[in-house]
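A look at the structure
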Amino acid sequence: MIHSNQTKDQLLEIYNKAVEAANPSKCVSDHVSLKGDILRVDSRTYDLGKYKSIYMVAFGKAAHSMARAFEDLIGERIKDGIVVSNTFQKSKFSRSRFYLSSHPVPDERSLSGANEVLKLLRDTNRDDLVIFLISGGGSALIAMPAPGISLEDKQRATLMLLNSGVDKYGLNVVRKHISQIKGGGLLNKALPSRVITLILSNVVGDTLDAIASGPTIPDPTTFEDACRVIEALGLEHRIPPQVMVHLEEGRRGNVPETLKEGEIDPKRVQTVIVGNNYKSLLAAKRRAKQFGFNTFLLSSQLSGEAREVAKVISGIALDIERLDIPVKKPGCIIFGGETTVTVIGRGKGGRNTELALSFAMEIMGHEISGLFCGTDGVDGPTDATGAICDGHTRGVARKMDLSAREHLAQNDSYSFFDRLGSLVKIGPTGTNVMDIGIVILR
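Residues numbered from 1 in each chain as written. Predicted model: local features only at pLDDT ≥ 70, side-chain atom pairs only at ≥ 80, totals over all residues. Heavy atoms only, no water.

Let us now look at the sheet that holds strand 10 (residues 294–302). In spatial order, the strands read 10-11-15-12-13-14; together these six strands make up an open sheet with mixed pairing. Two strands close off the open sheet at either side, each with one partner strand: strand 10 and strand 14 (423–424). (Pairing = 2+ DSSP bridges. Helix = DSSP H or I, 4+ residues; strand = E, 2+ residues; numbered from the N terminus.)

Here you go:
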């Protein structure tokens, strides 16, 4: 074992508190209450007795828990509901149908789930209330490609974008413009019903139109923006031809744009973020303080290449170690956000294990420890949620004939930490508010 048991336990405990704060059921109940027939959602109230029918649509990694909380609250009032997620839960719904789907690349199940949602929305009218419960992963879990684009085209385009190192903004701009339901598409289908959307944010800065590619949010981006993202990545000659044809037609004005702000009545729509990364960071900070650490909450909006972000974090840690700035030892740095990885090698890993490997290289020989994990329990295409490392990680690896530099070059961070026994494996958490980083200095 590289890390002291005490340090490892503290890192995991602080991380667990962050994940608990993003519990979808609690996040929903914190913002929604019912008294008699009056449903209160933040500052707005709804008399449920006035609606002909009430429908619920939940999709995303946290869909099951969010839907359970809402069904427990208003129960038999729900006429019909659909829940789509990537993990199967044993408990069943009394008023909703559950569909298992795919993430991060959509498949036939994503198409089937989207079809069921659209069927439900076709039955709604002006006298109805439609409640959307949306969380991270929703972009892939329900998918309805634009006319002329096949599911295979969309799968290939999504994979190319994911492997290109594109940020979430760029990924969502393209996805919204090759879809019938993203970029406000579902809201368009639900109107003129009264619509409430509760969101568990997994996007840096909580940008509403980016979460699950904004299916119930007017879209400020355009076909022009989508084309520029692809051109900036140099993918215009590699992306599936039908995708590029569709985007170019949209750019010329031959395909209708996504839903825009002025096209809806804001009085008929309410959107509330019920949980986000910052809420989880505050919970982590409270636990770190209880352990006696001087805690520095750096940011909830870190993004960029994982290995470069690691250098920034290590620089702050080394300043605390040497200069007692920005906090004195014993110190704890806590941050959140979502990094990216430009895949060049053929190894196995995710953004958190890559960040951890790069961080381990920067802090070699120092009494610094770090945990870097996703809140959803999954790191990229792996069964780990991240990894723990410290100033001894690289030295121990060398004794095992493991080269940190070579593994980083091959994007093979998972294999590196797997050999060291330093992966964090907890399974899907049922929530998703991006990633958490925790660094401890004694």
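Residues Leu39 and Val41 of strand 2 (residues 38–41) are buried on one face, while the alternating residues Ile38 and Arg40, pointing to the opposite face, are not. Pairing analysis gives four bridges linking strand 1 (residues 32–35) to strand 2, with the strands arranged antiparallel. Looking at the pairing, Lys35 lines up with Ile38 of strand 2. In the sheet, strand 2 pairs with strand 3 (residues 44–47) via four bridges, with the strands oriented antiparallel. Residue Val41 lies in a different strand from strand 3, and its bridge partner there is Arg44. If you look at the hairpin formed by strand 2 and strand 3, you'll find two residues sitting between the two strands, and Asp42 has a positive phi there, around 55°. (Buried < 20%, exposed > 50% of the residue type's maximum accessible area, 1.4 Å probe, protein only.)

Right, let's talk about the environment of Pro266 for a bit. By the element assignment, Pro266 lies in the loop between helix 10 (241–251) and strand 9 (269–275). Spatially, the C-alpha atom of Pro266 lies 45 Å from that of Ile344, the residues being 78 residues apart in sequence.

What tends to happen in soluble globular proteins is that the nonpolar side chains get buried as a cluster. Membership of the largest hydrophobic core comes to 34 residues, with the highest contact counts inside it found for Phe359, Ile368, Phe372, Cys389, Phe416, Phe417 and Val439. When contributions to this core are tallied by element, the ones reaching two or more residues are helix 12 (306–323), strand 11 (331–337), helix 13 (351–362), strand 12 (368–374), strand 13 (386–390), helix 15 (404–409), helix 16 (413–420) and strand 15 (435–441). Sorting elements by how many residues they give to this core places helix 12 first, with seven residues. Ranked by size, the runner-up nonpolar core spans 31 residues in total, among them Val32, Leu39, Leu48 and Val433. (Core = buried A, V, L, I, M, F, W, Y, C linked by side-chain atoms within 4.5 Å.)

Sheet strands associate in pairs through backbone hydrogen bonding, adopting either a parallel or an antiparallel arrangement. Here we have six strands laid out as an open sheet, ordered 6-5-4-7-8-9, and parallel in their pairing. At either margin of the open sheet sits one strand with a lone partner, and together these are strand 6 (96–100) and strand 9. Direction aside, neighbouring strands of the sheet carry axes that sit 15° apart on average. Sheet topology note: the strand 4 (residues 54–59)/strand 7 (residues 129–135) ladder contains six bridges and is parallel. Pairing of Tyr55 across the sheet is with Val130, part of strand 7. Sheet strands in contact with helix 4 (residues 108–122) are strand 4, strand 5 (78–85), strand 6 and strand 7, and its direction is about 160° off that of strand 5. (Axes fitted to C-alpha atoms, helices over the stretch in contact; angles between N-to-C directions. Contact = heavy atoms within 4.5 Å.)

This part covers the packing of aromatic side chains. Using the criterion set out here, one finds three aromatic pairs in the structure. Pairing Phe359 with Phe372 gives two aromatic rings, centres 5.1 Å apart and planes at 65°, and the pair type is edge-to-face. Taken as a pair, Phe359 in helix 13 and Phe372 in strand 12 lie far apart in primary sequence, 13 residues in all. Relative accessible area serves as the criterion here: at 0%, Phe359 is assigned to the buried category. Residue Phe372 is classed as buried on the basis of its relative accessible area of 1%. Taking the centre distance of 5.2 Å and the plane angle of 90° together, the rings of Phe416 and Phe417 count as edge-to-face. The class for Phe417 is buried, based on a relative accessible area of 0%. Chaining the aromatic ring pairs together yields one cluster made of Phe335, Phe359 and Phe372. Above the plane of the ring of Phe291 lies Arg287, whose end atom (NZ or CZ) is 4.1 Å from the centre. Here Lys348 stacks its cationic end above the ring of Tyr414, 4.2 Å away from the centre of that ring. (Phe/Tyr/Trp six-rings, centres within 6.5 Å; stacked < 30°, edge-to-face > 60°. Lys NZ or Arg CZ within 6 Å of the ring centre and 35° of its normal.)

As a further point, take the state of the cysteines. Counted by the stated rule, this structure contains zero disulfides. Summary of cysteine pairing: Cys332 is not part of a disulfide, and the nearest cysteine sulfur, belonging to Cys373, is at 13 Å. Of the cysteine sulfurs around Cys373, a residue in no disulfide, the closest is that of Cys389, at 10 Å. (Disulfide = S-S within 2.5 Å.)

The end-to-end C-alpha distance of helix 11 (residues 277–290) is 20 Å, a good match for the 20 Å that 14 residues give at a rise of 1.5 Å each. Considering only its buried residues, helix 11 is in contact with helix 1 (5–21), strand 10, strand 11 and strand 15. Following helix 11 by one or two positions, Gly292 adopts a phi angle in the positive range, close to 95°. (Expected span 1.5 Å × (residues − 1).)

On to the pattern of salt bridges, then. One pass over the full model with this rule turns up 28 salt bridges. We note a salt bridge from Asp72 to Arg68, for which the minimum N-O separation is 4.0 Å. With Asp72 and Arg68 both in helix 3 (residues 63–74), this residue pair falls four residues apart, about one helical turn. In this structure Asp72 comes out as exposed when scored by relative accessible area, which is 56%. (Salt bridge = Lys/Arg side-chain N within 4 Å of Asp/Glu carboxyl O.)

Mapped onto the elements, Glu116 comes out in helix 4. For Glu116, a relative accessible area of 16% translates into the label buried. At 3.2 Å, the side chain of Glu116 forms a polar contact with the side chain of Arg97. A distance of 3.4 Å separates the side chain of Glu116 from the side chain of Tyr99, its partner in a polar contact. Beyond its immediate chain neighbours, meaning those up to four positions away, Glu116 contacts Ile82, Arg97 and Tyr99. (Polar contact = N/O pair within 3.5 Å; in protein donor to acceptor, adjacent residues only side chain to side chain.)

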